[in-house]
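# Understanding the architecture of this molecule
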2 protein chains.
Amino acid sequence: MAMVSIKDVAAHAGVSPGTVSNVLNRPGKVAPATRERVEAAINELGFVRHGSASTLRAGHSRTIGLSVIDIGNPFFTEVAAGVEDVASELGYAVILGNSAGSLDKEERNLRVLAEHRVRGVLITPSGEDPARLDRLREHGISVVLVDHPAHRPDQCAVAVDDVAGGRAAVAHLLAKGARSIAYVTGPLTIRQCVERREGAKAAMRAVGLDPADLRVAETATMTARAGEKAAADLIAGGLPEAVFCANDLLALGVLRALLRAGVRVPEDVVLMGYDDIDFAAASTVSLSSMRQPTYQLGRIATELLLDECDNPETHAHQHIMFQPELVPRETTQ
Amino acid sequence: MAMVSIKDVAAHAGVSPGTVSNVLNRPGKVAPATRERVEAAINELGFVRHGSASTLRAGHSRTIGLSVIDIGNPFFTEVAAGVEDVASELGYAVILGNSAGSLDKEERNLRVLAEHRVRGVLITPSGEDPARLDRLREHGISVVLVDHPAHRPDQCAVAVDDVAGGRAAVAHLLAKGARSIAYVTGPLTIRQCVERREGAKAAMRAVGLDPADLRVAETATMTARAGEKAAADLIAGGLPEAVFCANDLLALGVLRALLRAGVRVPEDVVLMGYDDIDFAAASTVSLSSMRQPTYQLGRIATELLLDECDNPETHAHQHIMFQPELVPRETTQ
DNA sequence: CCCCTTTAGTAGAACGTTTTACTTCCGGCC
DNA sequence: GGCCGGAAGTAAAACGTTCTACTAAAGGGG
């Protein structure tokens, strides 16, 4: 409970608090001899700078916020890894918020971030409500959208083309000869789910099928467990020839449930996931999926955010859109 | 960039700043009429409390730190989910630090947490150096160890018995008739890896085998990719009858590499992982594993930490040790 | 009717930094 | 020798909140 402050260090080194602050923040401005004396005092007393005092006076912190939809999803974990790497390279700390798909929880998390006066926020929004993000901006907090297109031009965003992804996925299923298709998706409040569905419909239209025939099974969460339940419903309602899942966790759940029910994959049903998480390749029947540059998504978004924070005058807002890549495996052989 | 402060709110509501602070922190102490007036002013002006100022004055924040070894590992993700749930129930924010197995990185993360004056820290330490954690305690930051036994009596810790787990796992492999056993492990600086190895040796001793015959393959990271490499080495060096992996990610990598090389599992080699992550049940040949109460680990650790923070006088330090549970699946059939 | 207690609210110091404006010293230049 | 300018350091104000000590008014009891 020592709580040694900059004043104690100053007294111990025989200088003023201002000089200690200079040693901490612009060592070049301090004569080498003095600097050494101060540094010795810092080590001797075990001084740790009080970040809050510093934030208060300086008006900003070296902290950013990361708000994701589901930290249990390897997709977001990899994004987070990219974020963390860049942030820590540049000396920023990351506060993680998990919205678990709930708008309320996301709202609470954003409030916490605002109270912490984070420098900026990386967010994969749970819903479509730009107003909440604009409120952050009004407080001087930069926002970069991750895995989501920009709401407005003066904003950075890093996204992957989900319509194209959905189209490519379903085109692949159609190419395997399937004609009746089910789409197992998370909440349709989530943009990704909606756009992948639109892509799926476009692919059906392209081969002359009626997009209205796409059988949509919506789940509350995008987990393997939810996928299992959805598969049970599909089986009960009569199996389609192909199943397209909005992410790999759902797909792995569907796969597990189908196999357990004696349905053969890919002979009876062809199956596609989305995200190409590590485990997709390792599953019972290896899972076809759409690969996204996940880690890069996190890295680039963070680089954009920190550039916006550290070089506001030269910073140019960017909208980056990656293209997903088809990874065919055994479930669509 | 409005930056409306408590003073602005006070002026707008015709009260003193102190009263606004009371509305924020002990609404009961303020007359209902005044409270409403203040609340209206807060909403009207879009006031957001400056957490740093509050932390500075109050001497502590409503923030805890969580430092894990690898956020990419579903084991830690689930722990983190438990932590997050409890923390957000009690109005605490969580700063996440990923040490990625590096002591340096962990050190940096702890420094960030110390500077933020977090109320407490949950940590799965990367190495065995209690001194660093003691330094945090000297700064008035409570520390609870997660998935690690206590360093000292006046400290909370929540752990799982890794020696027992290693013993049970290898006993199971031995019961399947295997006599030559390989242990694929992460860095032996990590306690869990060492203890599971000790358990493995104990199991060998128990059936009259020489523990020195345990073939140990050490990898730098505990990922599927590392597991694949380790498996390649095993194949090159002559296959054992059984492989025990220090976690499921390694095991899934080993499994993938073995199958690709034409080795049959479990006919040629029986295989066990550790952690029982969700994907263990979904793999090509479903993976036998040791289940740990992961989510509970996070929940309970956080409850202990916050109890220590919020009720320092009545708090009783606890050392909790869970027992892991064998989950046999196809890789040991 | 006075004193005591409770309730509602205020004024102002304090938290630990950063930063601005200022002082002091020294060397060099005309 | 006087003046200027830079280097090195200092003193003190400020950041936005919380908290302590205080005042004022309103009941309540004798």
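This is a predicted model, so every value here is computed, not measured. (Residues numbered from 1 in each chain as written. Chains lettered and ligands numbered in written order. Predicted model: local features only at pLDDT ≥ 70, side-chain atom pairs only at ≥ 80, totals over all residues.)

A few words on the interface of chain B and chain A. Accessible area lost upon the coming together of the parts is a frequently used measure of interface size. Each partner contributes residues to the interface: chain B has 40 residues there, and chain A has 39 residues. Listing elements by their share of the side of chain B that touches chain A, those giving two or more residues are helix H4 (51–58), helix H5 (74–89), strand S2 (93–98), helix H6 (103–115) and helix H11 (248–260) of chain B. With 6 residues, the single largest contributor to the side of chain B that touches chain A is H5 of chain B. Here the residues of the side of chain B that touches chain A are counted per class, giving 18 nonpolar, 13 polar and 9 charged. (Contact = placed C-beta atoms within 7 Å. Helix = DSSP H or I, 4+ residues; strand = E, 2+ residues; numbered from the N terminus. Nonpolar A, V, L, I, M, F, W, Y, C, P; charged D, E, K, R; others polar.)

Moving on, we get to the sheet that holds strand S9 (residues 270–272) of chain A. Residues and elements named next belong to chain A. Read from one edge to the other, the open sheet built from 4 strands follows the order S7-S6-S8-S9, with strand pairing classed as parallel. Each edge of the sheet is formed by a strand with only one pairing partner; in this case those strands are strand S7 (215–218) and S9. With direction set aside, neighbouring strand axes in the sheet form an average angle of 15°. Pairing of strand S6 (residues 181–185) with strand S8 (residues 242–245) involves 4 bridges; the strand directions are parallel. Within S8, the position partnered with Val184 by the bridge is Cys245. (Pairing = 2+ DSSP bridges. Axes fitted to C-alpha atoms, helices over the stretch in contact; angles between N-to-C directions.)

Moving on: the packing of helix H1 (residues 6–13) of chain B against helix H2 (residues 17–25) of chain B. Residue and element names in this part refer to chain B. Between H1 and H2, the least distance of the axes is 8 Å, while the angle of their chain directions is 105°. The orientation of H1 relative to H2 falls into the category roughly perpendicular. Residues Ile6, Lys7, Val9 and Ala10 of H1 pack against Pro17, Thr19, Val20 and Ser21 of H2. Classifying every residue of the contact of H1 with H2 gives 5 nonpolar, 2 polar and 1 charged. (Parallel < 35°, antiparallel > 145°, perpendicular 65-115°, else oblique.)

Overlaying chain B on chain A yields an RMSD of 0.1 Å, the required transformation being a rotation through 180° with an accompanying axial translation of 0.1 Å. Such a combination of turn and shift is consistent with a two-fold rotation axis. The C-alpha atom lying nearest the rotation axis in chain B is that of Thr284 of chain B; the distance is 1.5 Å. Take the interface residues of chain B: 98% of them recur as interface residues in chain A, which is what a same-surface contact looks like. (Least-squares fit on C-alpha atoms with pLDDT ≥ 70 in both.)

Once that is clear, we can look at the protein's contact with DNA strand D. Contacts to DNA strand D come from 26 residues, most closely from Gly18, Thr34 and Arg57 of chain A together with Ile6 and Gly18 of chain B. Going through the elements one at a time, helix H2 (17–25) and helix H4 (51–58) of chain A together with H1, H2 and H4 of chain B are the ones with two or more residues in the surface near DNA strand D. A breakdown of the residues in the surface near DNA strand D according to their chemical character gives 12 nonpolar, 10 polar and 4 charged. (Near = placed C-beta within 6 Å.)

With that settled, consider the pairing of S2 of chain B. Residue and element names in this part refer to chain B. Taken across its 6 residues, S2 has 6 buried, putting it largely inside the fold. Burial along S2 is two-sided: Ala93, Ile95 and Gly97 facing one way and Val94, Leu96 and Asn98 facing the other are all buried. Bridge analysis of strand S1 (residues 63–68) against S2 gives 6 bridges, and the strand direction is parallel. In the strand pairing of S2, Ile64 is matched with Val94. Handedness of the crossover joining S1 and S2 through H5 is recorded here as right-handed. (Buried ≥ 20, exposed ≤ 12 C-beta atoms within 10 Å, placed from the backbone. Right-handed = clockwise from strand over helix to strand, strands pointing away.)

Here we come to the packing of H2 of chain A against helix H3 (residues 32–45) of chain A. Residue and element names in this part refer to chain A. At their nearest, the axes of H2 and H3 sit 10 Å apart, and the two run at 90° to each other. Taken together, H2 and H3 sit at an angle that is classed as roughly perpendicular. Facing H2, whose interface residues are Thr19, Val20 and Val23, H3 presents Thr34, Arg35, Val38 and Glu39. Its residues assigned to classes, the contact of H2 with H3 shows 3 nonpolar, 2 polar and 2 charged.

Our focus in this paragraph is H3 of chain A. All names here are of chain A. Helix length check: H3 (14 residues) gives 20 Å between terminal C-alpha atoms against 20 Å at 1.5 Å per residue, within 8%. Buried residues of H3: Val38, Ala41 and Ile42, and no others. Buried residues along H3 cover an arc of 100° about the axis, so they all sit on one side. Looking at H3, the residues exposed on the side facing more than 90 degrees away from the buried face are Pro32, Ala33, Asn43 and Glu44. Considering only its buried residues, H3 is in contact with helix H1 (6–13) and H2. Directly beyond the C-terminal end of H3, a positive phi value near 65° is found at Gly46. (Expected span 1.5 Å × (residues − 1). Arc of directions from axis to C-beta.)

A word on the protein's contact with DNA strand C. The local shell around DNA strand C holds 26 residues, among which Ile6 and Gly18 of chain A together with Ser16, Thr34 and Arg57 of chain B are the closest. Contributing elements (two or more residues each) for the surface near DNA strand C: H1, H2 and H4 of chain A together with H2 and H4 of chain B. Residues belonging to the surface near DNA strand C are distributed by class as follows: 12 nonpolar, 10 polar and 4 charged.

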